[in-house]
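# A look at the structure
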Amino acid sequence: MDRFTRDDLKRLTTIDAEAAVSLYMPTYRAGREVRQNAIRFKNLAKRVDEQLAKRGVAEKSREALAAKLAELEQNDRWWQHQSDALALFHTGSALETYRLPLDLDELAVVGPRLHLRPMVRLLQTDGPFYLLAVSQNRVRLFSGTQYSISELDVDALPSDLRSALDIDEYMRSLEQHTGSYADDAGTPLLFHGHGGSGMEVQKKDEIKQFCHRIDDALNSYFGQEKIPLVFAGVDYLFPLFREASSYNNLVKEPVEGNPDDLTPEQLHPKAWNVVEPRFEKARQEAIQRYGDASGSDRSAAKLPQILRAARQGAVDTLILAEGEQYWGKVDQEKWTIEDASRDDADAEELLNFAAVHTLANGGEVFSASRHAMPNGQTAAAILRFALPPG
């Protein structure tokens, strides 16, 4: 899959275009169904062109985009390397694609700004997570959601202990000391306590160095990410990695056992079982905090007020009803809303507006079922500060 960060979101939110194109579609990863990817993409490309024509975009510009989309459509090798969904954005001359571990419906939107709400699910507080699967022989990093998981390609991440430490004699030393050192199949290590032979201490130090190398690579890759990181590995590795890790959101409970022989599909439910209670707790705490702030100047219940607060960086926490959309036009001077059809050339999805600007300004976004939303609202916001009159 392709990584999508808050910095990417911030960059995309600043783009204004004559006609910004946002295209989303589910994709097949393997099997005969992969052939359907290009067919579905071709049909969505036609819908995009129809919307561009309705907006009065010049034929020359439409033909230029159509040529780019046709090139992708005909790239059979590219379609063989997809995740669970595809997102494509086009603004003027720039075209970007992201392969995503998300369960998405087909969607083609042309408007004054990119439609980014589906991407919000990769950044909001109650959905995405990372999974780090570690053994002495293999290191893998995955990005996951409730629906699926995909391996990430991190250049700096060591592939195994030997490559991390450049120890040519590593395997021979293991064979010579099988009674005092474990392999990932489960032979016990004698690391606990302060005793042990010099060889045992040396091996423990080597694994600590290994963990530090992994942590260095993750820090470089994650940047300022806050997404939970789940560790998967045999029981003696996690305490050593936890000691070495400087990541600000390492989940305390690991997925125990040797992950080497497990596929991403087998690892996914194990990791989700670890993070799901954490997400649900955070969601319920957000709803409770909104209830405590409700009625004060540190809360917003009406959509125009929420849009203004999100745009001005005042939203600390935004809670949205799952699956809801609200199409309309917003006047960003008077902060009034006019209902509009999705087919209206000047309309945009306003919950998307709120979510994108909340995240771009460092806030948190949660989704909740409609019956769990405070007072049955479509959106609710906790504010960092009271909005000035206006």
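Residues numbered from 1 in each chain as written. Predicted model: local features only at pLDDT ≥ 70, side-chain atom pairs only at ≥ 80, totals over all residues. Heavy atoms only, no water.

Another aspect to go through is the environment of Glu 276. Relative to the helices and strands, Glu 276 is located in helix H10 (residues 264-293). For Glu 276, a relative accessible area of 37% puts it in the partly exposed group. It is 14 Å that separates the C-alpha atoms of Glu 276 and Ile 149, two residues lying 127 residues apart in sequence. (Helix = DSSP H or I, 4+ residues; strand = E, 2+ residues; numbered from the N terminus. Buried < 20%, exposed > 50% of the residue type's maximum accessible area, 1.4 Å probe, protein only.)

Hydrogen bonds along the backbone pair up the strands of a sheet, which may run parallel or antiparallel. Read from one edge to the other, the open sheet built from 4 strands follows the order S10-S16-S11-S15, with strand pairing classed as mixed. Every other strand in the sheet has two partners, leaving strand S10 (299-300) and strand S15 (364-368) as the edge strands with one partner each. Bridge analysis of strand S11 (residues 315-321) against strand S16 (residues 379-383) gives 5 bridges, and the strand direction is antiparallel. Across the sheet, Leu 318 pairs through a bridge with Ala 381, a residue of S16. The strands touched by helix H12 (residues 350-360) within the sheet are S11, S15 and S16, with S11 carrying the most contacts at an inclination of about 145°. (Pairing = 2+ DSSP bridges. Contact = heavy atoms within 4.5 Å. Axes fitted to C-alpha atoms, helices over the stretch in contact; angles between N-to-C directions.)

Take the sheet that holds strand S13 (residues 336-339) next. Across the sheet, 3 strands lie side by side as S13-S12-S14; this open sheet has antiparallel pairing. The open sheet terminates on both sides in strands that have one partner only, identified here as S13 and strand S14 (348-349). Where strand S12 (residues 327-331) lies against S14, 2 bridges are found, and the strand directions are antiparallel. Bridged to Gly 328 within S14 is Glu 348.

Turning our attention to helix H2 (residues 35-54). With 20 residues, H2 extends 30 Å from end C-alpha to end C-alpha; this agrees with the ideal 28 Å at 1.5 Å per step. When H2 is considered as a whole, its buried residues turn out to be Asn 37, Ala 38, Phe 41, Leu 44, Ala 45, Val 48 and Leu 52. For H2, the buried positions fall inside an angular range of 125° around the axis, keeping them on one side. In H2, the exposed residues that point more than 90 degrees away from the buried face are Arg 35, Ile 39, Glu 50 and Lys 54. Residue Gly 56 follows H2 closely and has a positive phi angle near 80°. (Expected span 1.5 Å × (residues − 1). Arc of directions from axis to C-beta.)

Before going further, it helps to spend a moment on the environment of Asp 160. Within the secondary structure layout, Asp 160 lies in the loop between strand S7 (149-152) and helix H6 (161-165). Taking the C-alpha atoms as reference points, Asp 160 and Ile 214, separated by 54 residues in sequence, lie 9.6 Å from one another.

With 47 residues, the main nonpolar core has Phe 89, Leu 100, Leu 116, Met 119 and Leu 318 as its most contacted residues. When residues in this core are grouped by element, the largest group, 7 residues, is from H12. Among all residues touching Leu 116, those that are not within four sequence positions of it are Leu 9, Leu 12, Thr 13, Tyr 24, Phe 89, Asn 352 and Val 356. Counting residues in hydrophobic clusters, the runner-up holds 31 residues, among them Val 139, Cys 211, Ala 244 and Tyr 247. (Core = buried A, V, L, I, M, F, W, Y, C linked by side-chain atoms within 4.5 Å.)

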